[in-house]
Every structure is written in structure tokens, then in C-alpha cells.
Amino acid sequence: AIEQTFSIIKPNAMKKNAIGDIISMFEANGLKIAAAKVTILSKSKAEEFYAEHKERPFFGELVSFMTSGPVTIMCLQGENAVAKNREIMGATDPKKAAVGTVRAKFGDNVGENAVHGSDSTASAARELALFFEKHEICNV
Ligand code: CMP
């Protein structure tokens, strides 16, 4: 089915001038950009976004990294978009990510892993609603 999923290009990949390269990988794999914005996450927004991780030892580090510079937030749309995006990104830890995936190419370590992608259609709906108004997402 056609799905929408939420994607973030994280601050470390932004510093590498990799927006174009990463979006090209999404587009080459059949995903379309239905919404996109370059922005800086506030601490409270990042904490809300990552609320499920708030008891983890790396939570503070995760929030400080994600608010350390600009990010690109996007809605990706396409057939099976949630799973397809996760395939294109590769494993969370760049050291374990398959060759040719975004995290293998642009990730530095498990925290600074270049991109975020929703892990389910339910997460995608929650995450998209956190960052975009309904009218900001186009049916592409
Ligand atoms: P993301 O998909 O954005 O969702 C949660 C993030 O937590 C994950 O990507 C990683 O970047 C980060 N993360 C997971 N494990 C660790 C860890 N051990 N240390 C630091 N960050 C981590």
C-alpha cells in the first residue's frame, strides 16, 4: 500500500552537505518527498519526539546532538514507504549497516547515524503530526 513515513537528516549529515545525496537515494528507490523543511529542533521538541527513549542512558546525549545544528525533516511517500525507508537507511549502527545504505555512507556512530526513519506506520503518523500540519504534506 502507499504509505507516508517521517524522515530526519541529522546534524552530522547536514554538516557533510549530504541533503542532495540522501534525497537522491530515497528518490532512486521510489520514494517521493511529500514535505520537507530545514529547521533546528528545540530541546522540548526533541525530548517529545524521543520520549520513548527517555529512560535510556544515551537520552541526554541524543537530545543534545539532535539540537546541535540544523536538520532536514521530511515526509516520504510511496509503496511500502516505512519498510523501504528503513532498508535505504540501513541498520541503526553504521558499522552494521549494509554497504550502500545511507548510514553506511554518512553515519559516524550509533548516535550520529545520519538519518532517522519511523519504525512503523503508527510511529510515522505520530511523528508526522509532531512536525507537520496536515496541509503541509502533499499527496505527491
Ligand atoms: P533514531 O532512529 O533516531 O532513534 C533513536 C536513536 O537513538 C537512534 O536513531 C540512535 O541514533 C540513537 N541511539 C541508539 N542507541 C544509542 C546508543 N547506544 N548511544 C547513543 N545513541 C543511540
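Source: prediction; values computed, not measured.

Enquirer: Got a minute to help me understand the overall build of the protein in this structure?
Expert: Helix and strand counts for the protein stand at 7 helices and 4 strands. Moving toward the C terminus, one meets the helices and strands of the protein in the order β-α-α-β-α-α-β-α-α-β-α. Against the compact-globule benchmark of 14 Å for 140 residues, the protein has a radius of gyration of 14 Å, which places it among compact chains. Dimensions of the protein, computed from C-alpha atoms along their principal axes, come out at roughly 35 × 35 × 25 Å. Burial statistics for the protein: of 140 residues in total, 36% are counted as buried. Sequence-distant contacts, at least 24 apart, represent 73% of the contacts inside the protein between residues at least 6 apart.

Enquirer: What is the right way to read the site of the ligand from this model?
Expert: Taken together, His53, Phe58, Glu61, Leu62, Thr92, Val110, Gly111, Asn113 and His116 make up the full set of residues near the ligand. Split by residue class, the shell around the ligand holds 3 nonpolar, 5 polar and 1 charged.

Enquirer: What am I meant to see in the confidence of the model for the protein here?
Expert: The predicted coordinates should not be examined in detail at positions where pLDDT is low. Residue-level pLDDT values for the protein average 98, and 100% of them are 70 or greater. The complex model carries a pTM of 0.98, and its ipTM stands at 0.94.

Enquirer: In this structure, what is going on with the nonpolar core? I would like to understand it.
Expert: It is characteristic of soluble globular proteins that their nonpolar side chains tend to be buried jointly. In this structure, Ala13, Ile22 and Val115 are the most contacted members of the largest nonpolar core, which totals 29 residues. Ranked by residue count, the leading element in this core is strand β3 (residues 71-79), at 5 residues. In this structure Ala13 touches Ala18, Ile22, Phe106, Ala114 and Val115, once residues within four positions along its chain are discounted.

Conventions and cut-offs
- Residues numbered from 1 in each chain as written.
- Predicted model: local features only at pLDDT ≥ 70, side-chain atom pairs only at ≥ 80, totals over all residues.
- Helix = DSSP H or I, 4+ residues; strand = E, 2+ residues; numbered from the N terminus.
- Rg over C-alpha atoms; globule rule 2.2 N^0.38 Å.
- Buried ≥ 20, exposed ≤ 12 C-beta atoms within 10 Å, placed from the backbone.
- Contact = placed C-beta atoms within 7 Å.
- Near = placed C-beta within 6 Å.
- Nonpolar A, V, L, I, M, F, W, Y, C, P; charged D, E, K, R; others polar.
- pLDDT = per-residue confidence, 0-100.
- Core = buried A, V, L, I, M, F, W, Y, C linked by C-beta atoms within 7 Å.

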